[in-house]
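Residues per chain are reported as follows:
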Amino acid sequence: MIVLGIECTAHTFGVGIVNNKGEILADQRIQYRPKEGGIRPREAAQMMSEKGADVIASALKEAGVPITDIDAIAFSIGPGLGPCLRTGAVAARYLARKYEKPLVGVNHCIAHIEIGKLLCRLQDPLVVYLSGANTQIIALAKGRYRVFGETLDIGLGNLLDSWGRAMGIPFPAGPKIEELAKKGKKFIELPYTVKGSDLTFSGLYTAAVKAAERYPLEDVAYSLQEVAFTMTAEVAERALAHTEKKEVLLVGGVAANKRLQEIMGAMAEEHGASLHVVPLKYAADNGVMIAWTGLLMYRAGLTTALNETVNPRFRTDQVDVRWVPI
Ligand code: AMP
Ligand code: MG
């Protein structure tokens, strides 16, 4: 079985092709980069609709597979930015119709989880999903990926990118902030806001912008990371203690951060669990994760009607995870 997957939720138009052994046959991506500021959804979608067909063609060429040999077409059906989601969906529907292939709409967050499980060879981890827009602590329970804690406002990556933008650091600011933080010496008190099992980052953002007027940038970057990462580790720890999972899996772009890995690793160890990080290349949005999740779903008999619309607010816990045995 071979599945082609299209990722198109925000800044990346990615096309992946995988087979049922979990082998990656193709991985092509292009990135939208705003000239300044954050993502402009319509501008991103415009770029994707202009270049998307070439990315699909390159992926098929890389895999050396004619499109007639593809068993199903998967695409990100949500969550994400409406204009981008619709662009990916149009491409997927076109291929499905023209070549008479089944269509599989994939939840983008679940795709981050499934590619992490595949590449780290895990069965049932507690997932700490930290991307630009999303921050969730997730574990499989009773046939669904349940959310044990999440941000109530902005995602952790967004916190870093927004603070970076205010400091004149271009998007994505995460890697640069990690470098700056290594040079930080003094810890500056910043608001630490955990509400039950949930997180809020906007107060921390405002305080960190203000702090930069008085303190060296390195010290603020260091303190910002320490506060945001320990807040996240606290809610992850609560979920780990409750679910008693033996593996912790970090996914999403922020998972690349070494200091975050250190904090999460120490937390996992205290509970006798091991820490795993999705390989860097697949931490970011990509078509392979959509193809692989689409394949799992298709194999379990799940397909999507041609007229089903995208869902920008599609939640992780709305999907029956029928492809994992209970
Ligand atoms: P995603 O939304 O999953 O594609 O991930 C993108 C996010 O990951 C952006 O907010 C980046 O700033 C963030 N990111 C990437 N590398 C790092 C890093 N080394 N440390 C912290 N955040 C990072
Ligand atoms: Mg993502």
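Whatever comes next refers back to the structure up there.
All figures in this text were calculated on a predicted structure; none of them were measured in a lab.

A few words now on the coordination of the magnesium ion (ligand 2). Taken together, the protein ligands of the magnesium ion (ligand 2) are H108 (NE2), H112 (NE2) and D285 (OD), with distances of 2.1 to 2.3 Å. Residue H108 is classed as buried on the basis of its relative accessible area of 4%. The exposure class assigned to D285 is buried, which follows from its relative accessible area of 10%.

On to helix 6 (residues 202–211), then. Of the residues making up helix 6, those classed as buried are L204, A208 and A211. Take helix 6 and look down its axis: the buried residues cluster within an arc of 60°, on one side only. Those residues of helix 6 hidden inside the fold are in contact with helix 4 (156–166) and helix 7 (217–243).

This brings us to the packing of helix 7 against helix 8 (residues 258–270). Where helix 7 meets helix 8, the closest approach of the two axes is 10 Å, and the angle between their N-to-C directions is 30°. By the angle class used here, helix 7 and helix 8 are roughly parallel. Pair helix 7 / helix 8 crosses with right-handed handedness. Judged by residue contacts, Q225, E226, F229, T230, T232, A233, A236, E237 and L240 of helix 7 engage R259, L260, I263, M264, M267, A268 and E270 from helix 8. Grouping the amino acids of the contact of helix 7 with helix 8 by side-chain chemistry returns nine nonpolar, three polar and four charged.

Moving on: the sheet that holds strand 7 (residues 135–141). Ordered in space as 8-7-6-11-12, the five strands form an open sheet in which the pairing is mixed. Each of the sheet's edge strands pairs with one partner strand only, and the pair in question is strand 8 (144–150) and strand 12 (274–277). Strand-to-strand twist across the sheet, computed as the mean angle between neighbouring axes with direction ignored, equals 25°. Strand direction decides the pairing type here: strand 11 (residues 247–251) and strand 12, joined by four bridges, are parallel. Following the sheet pairing, V248 is matched in strand 12 by L275. Running over the sheet, helix 8 touches strand 6 (126–130), strand 11 and strand 12 and is turned about 150° from strand 12.

Read from one edge to the other, the open sheet built from five strands follows the order 3-2-1-4-5, with strand pairing classed as mixed. Bordering the open sheet on either side are strand 3 (24–31) and strand 5 (103–107), each of which pairs with just one other strand. For this sheet, the mean angle separating the axes of adjacent strands, direction not counted, is 20°. In terms of strand pairing, strand 1 (residues 2–7) meets strand 4 (residues 72–78) through four bridges, oriented parallel. Residue pairing for strand 4: G5 is matched across the bridge by A74. Along the sheet, helix 1 (residues 41–63) contacts strand 1, strand 2 (12–19) and strand 3; its crossing angle with strand 3, the most-contacted strand, is approximately 160°.

Around ligand 1, the surrounding shell holds 17 residues, and the nearest of these are G132, D161, E178, G253 and N257. Contact distances for ligand 1 include 3.1 Å between an oxygen atom and a backbone N or O atom of G174. Measuring from an oxygen atom of ligand 1, one finds a backbone N or O atom of G253 at 2.9 Å. If ligand 1 stood free it would expose 510 Å²; the protein chains cover 90% of that surface.

Applying the stated criterion to the full structure yields twelve salt bridges. Two residues, E43 and R40, come together in a salt bridge whose shortest N-O distance is 3.9 Å. The class of R40 is partly exposed, set by a relative accessible area of 37%. Salt-bridge contacts for E114 lead to K117; the nearest nitrogen and oxygen are separated by 3.6 Å. Highlighted residues: E114 and K117, both in helix 3 (residues 108–120), separated by three residues, approximately one helical turn.

Reading the values: rules and limits
Residues numbered from 1 in each chain as written. Chains lettered and ligands numbered in written order. Predicted model: local features only at pLDDT ≥ 70, side-chain atom pairs only at ≥ 80, totals over all residues. Heavy atoms only, no water. Donors = N, O, S within 2.8 Å, 3.2 Å for Na, K, Ca; no water. Buried < 20%, exposed > 50% of the residue type's maximum accessible area, 1.4 Å probe, protein only. Helix = DSSP H or I, 4+ residues; strand = E, 2+ residues; numbered from the N terminus. Arc of directions from axis to C-beta. Contact = heavy atoms within 4.5 Å. Axes fitted to C-alpha atoms, helices over the stretch in contact; angles between N-to-C directions. Parallel < 35°, antiparallel > 145°, perpendicular 65-115°, else oblique. Left-handed = near helix turned anticlockwise from the far one by under 90°. Nonpolar A, V, L, I, M, F, W, Y, C, P; charged D, E, K, R; others polar. Pairing = 2+ DSSP bridges. Near = heavy atom within 4 Å. Polar contact = N/O pair within 3.5 Å; in protein donor to acceptor, adjacent residues only side chain to side chain. Areas by Shrake-Rupley, 256 points an atom, 1.4 Å probe, with all protein chains shown as cover. Salt bridge = Lys/Arg side-chain N within 4 Å of Asp/Glu carboxyl O.

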